[in-house]
Amino acid sequence: MDDYDQVIFYPNQGVDPHNRCCGGSMWCIQDICGIICAIFTWLLILYAEFVVTFVTLLPCPYPIFQCVNMVIFQIFAFLAMASHLRTMFTDPGAVPKGNATKEMIQHLGLREGQVIYKCPKCCCIKPSRAHHCSVCQRCIRKMDHHCPWVNNCVGEKNQKFFVLFTLYIAAMSMHALYLCVSQFVWCLHSEWKQCSWYTPPATVVFLIFLGFEALLFAIFTMVMFATQLQAICSDETGIEQLKKEEARWMKKSKWKSLQAVFGRVSITWLSPFSQPAPKIKVDNYLQV
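Residues numbered from 1 in each chain as written. Predicted model: local features only at pLDDT ≥ 70, side-chain atom pairs only at ≥ 80, totals over all residues. Heavy atoms only, no water.

For the protein, the name recorded in an unreviewed UniProt entry is Palmitoyltransferase, with Aphis craccivora as its organism. Checking UniProt for the protein, the heading Subcellular location (unreviewed entry) contains the comment "Membrane". Looking at the Catalytic activity (unreviewed entry) heading of the UniProt record, one finds this comment for the protein: "L-cysteinyl-[protein] + hexadecanoyl-CoA = S-hexadecanoyl-L-cysteinyl-[protein] + CoA". (UniProt positions renumbered as here; feature names shortened; annotations may be inferred.)

**Thoughts on the packing of aromatic side chains**
Enumeration over the complete set of coordinates arrives at 9 aromatic pairs. Ring plane angle 35 degrees and centroid distance 6.3 Å describe the contact between phenylalanine 40 and tryptophan 149, whose orientation is recorded as tilted. Here tryptophan 149 lies in the loop between β7 (145-147) and β8 (152-154) and phenylalanine 40 lies in helix α2 (residues 32-57), a separation of 109 residues in the sequence. Residue class for tryptophan 149 comes out partly exposed when judged on its relative accessible area of 29%. An aromatic cluster of at least three residues, connected via ring pairs, comprises Phe50, Phe54, Tyr198 and Phe206. (Phe/Tyr/Trp six-rings, centres within 6.5 Å; stacked < 30°, edge-to-face > 60°. Helix = DSSP H or I, 4+ residues; strand = E, 2+ residues; numbered from the N terminus. Buried < 20%, exposed > 50% of the residue type's maximum accessible area, 1.4 Å probe, protein only.)

**Here's the deal with helix α6 (residues 200-233)**
With 34 residues, α6 should cover 50 Å at 1.5 Å per step; its first-to-last C-alpha distance of 48 Å lies within 8% of that length. Within two residues after α6, aspartate 235 carries a phi angle of roughly 50 degrees, on the positive side. (Expected span 1.5 Å × (residues − 1).)

**Focus: helix α8 (residues 254-262)**
By the burial criterion, the buried members of α8 are Ser257, Leu258, Val261 and Phe262. For α8, the arc enclosing every buried residue in end-on projection is 115 degrees, short of the 170-degree limit, so these residues lie on one face. Packed against the buried residues of α8 are α5 (159-189) and α6. Glycine 263 sits one or two residues past α8 and shows a positive phi near 90 degrees. (Arc of directions from axis to C-beta. Contact = heavy atoms within 4.5 Å.)

**Topic: unusual backbone geometry**
Even without being a glycine, arginine 129 presents a positive backbone phi close to 70 degrees. Checked against the element boundaries, arginine 129 lands in the loop between β4 (124-126) and β5 (130-133). The backbone phi angle of lysine 142 is positive, close to 50 degrees, even though this residue is not glycine. Position of lysine 142 relative to the elements: it lies in the loop between β6 (138-141) and β7.

**As for a nonpolar patch on the surface**
A contiguous nonpolar surface patch, about 390 Å² in accessible area, is contributed by Ile39, Phe40, Leu43 and Leu46. Along the chain, leucine 46 turns up in helix α2. With relative accessibility at 54%, the residue leucine 46 sits in the exposed group. (Patch = residues over 30% accessible without salt bridge, like charges linked within 9 Å, V, L, I, M, F, W, Y side chains within 5 Å. Areas by Shrake-Rupley, 256 points an atom, 1.4 Å probe, with all protein chains shown as cover. Salt bridge = Lys/Arg side-chain N within 4 Å of Asp/Glu carboxyl O.)

**Quick look at the pairing of β6**
The alternating pattern of β6 places Arg138 and Ile140 on one face and Cys139 and Arg141 on the opposite face, and all of these are buried. Relative to β6, β5 runs antiparallel, the two being bridged by 4 bridges. Within the sheet, the bridge partner assigned to histidine 131 lies in β6 and is isoleucine 140. Here β5 folds back onto β6, and the loop between the two strands holds 4 residues, one of which, glutamine 137, carries a positive phi near 60 degrees. (Pairing = 2+ DSSP bridges.)

**Observations concerning the confidence of the model for the protein**
With 85% of its residues at a pLDDT of at least 70, the protein reaches an overall mean of 84. The model gives residues 1-13 a pLDDT under 50, and that stretch makes 34 contacts with residues more than four places away or in other chains. (pLDDT = per-residue confidence, 0-100.)

**With respect to the side chain of serine 83**
Here serine 83 lies in helix α3 (residues 63-89). Once residues lying within four places of it in the same chain are set aside, the contact partners of serine 83 are Phe161, Leu164, Phe165, Tyr168 and Pro272.

**Structural notes on the UniProt feature "transmembrane region" (unreviewed entry) in the protein**
Within this structure's numbering, the places UniProt gives as "transmembrane region" (unreviewed entry) are residues 35-57, 63-82, 161-186 and 206-226. This span, residues 161-186, is 100% helix and 0% strand, and a straight line between its end C-alpha atoms measures 37 Å. Strand forms 0% of residues 206-226 and helix 100%; the C-alpha atoms that close the span are 30 Å apart.

**Considering the pattern of salt bridges**
What the rule picks out here adds up to 5 salt bridges. Here aspartate 235 and arginine 129 are joined by a salt bridge, their closest N and O atoms 3.1 Å apart. Highlighted residues: aspartate 235 in the loop between α6 and α7 (238-243) and arginine 129 in the loop between β4 and β5, separated in sequence by 106 residues. There is no split in this pair, since aspartate 235 and arginine 129 are both buried. One salt bridge connects aspartate 235 with lysine 252, and the closest N-O pair in it is separated by 3.9 Å. Placement of aspartate 235 in the loop between α6 and α7 and of lysine 252 in the loop between α7 and α8 is noted, with a sequence separation of 17 residues between them. Here the salt bridges share partners, and the residues they tie into one network are Arg129, Asp235, Glu240 and Lys252.

Structure follows, in structure tokens:
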């Protein structure tokens, strides 16, 4: 939770426990559909791991090809899984529930011509560009959309992790597709002799399912990655574009918008383990 939220909205109550687990230390949406989708995502990643490792690479007689591709694929798989978990278990920018009290509103110190909006569903002071999510049952700052595959909203605090998730899944899928085609060609060339630890029919089934999965997810995640970058660069979330909302905020340049999501330019842009700390100003809760 941001320091601003802690001081302004919960000065004596500590962390808002809604949608949290492990004593309030971890964000977790208890949505059965989202949990099933997230587990299914992990199973698909594990299936790709199995086929790439035990069907295409370990039986390969070329050590350099085997080692290089094993390292590359495992790096992509690890970063994809880490990005997924960070997206899933990171507070996307939820506004504290039930903070629209007289005392809190007076504490904001409204100036003449300034107004605030109250969300009738979660009884919170609704910041500019926040939208209510019916699944999370919270208002989310800069909400882009709710994604069942990560069982969470994509918002101000976890958009970087979601973008990295789509990037690494796309890279992992393209690499798996390349290995799948290479293995199939090699098996045909060797007439299915010593090209796999499994029988030819089993090998064909494994490769067909992996190829279909890799192609499908490569296309899907590349489209999502491009969509997310376009939304970030235009400083307009997916839900704002969908609702065709009039921009009442000062739009940032493409470069400033990228830095707002990923932080200062460095190798950490590609890391799911670092997160820029956005500064929430009081003016974000006030509207003219």
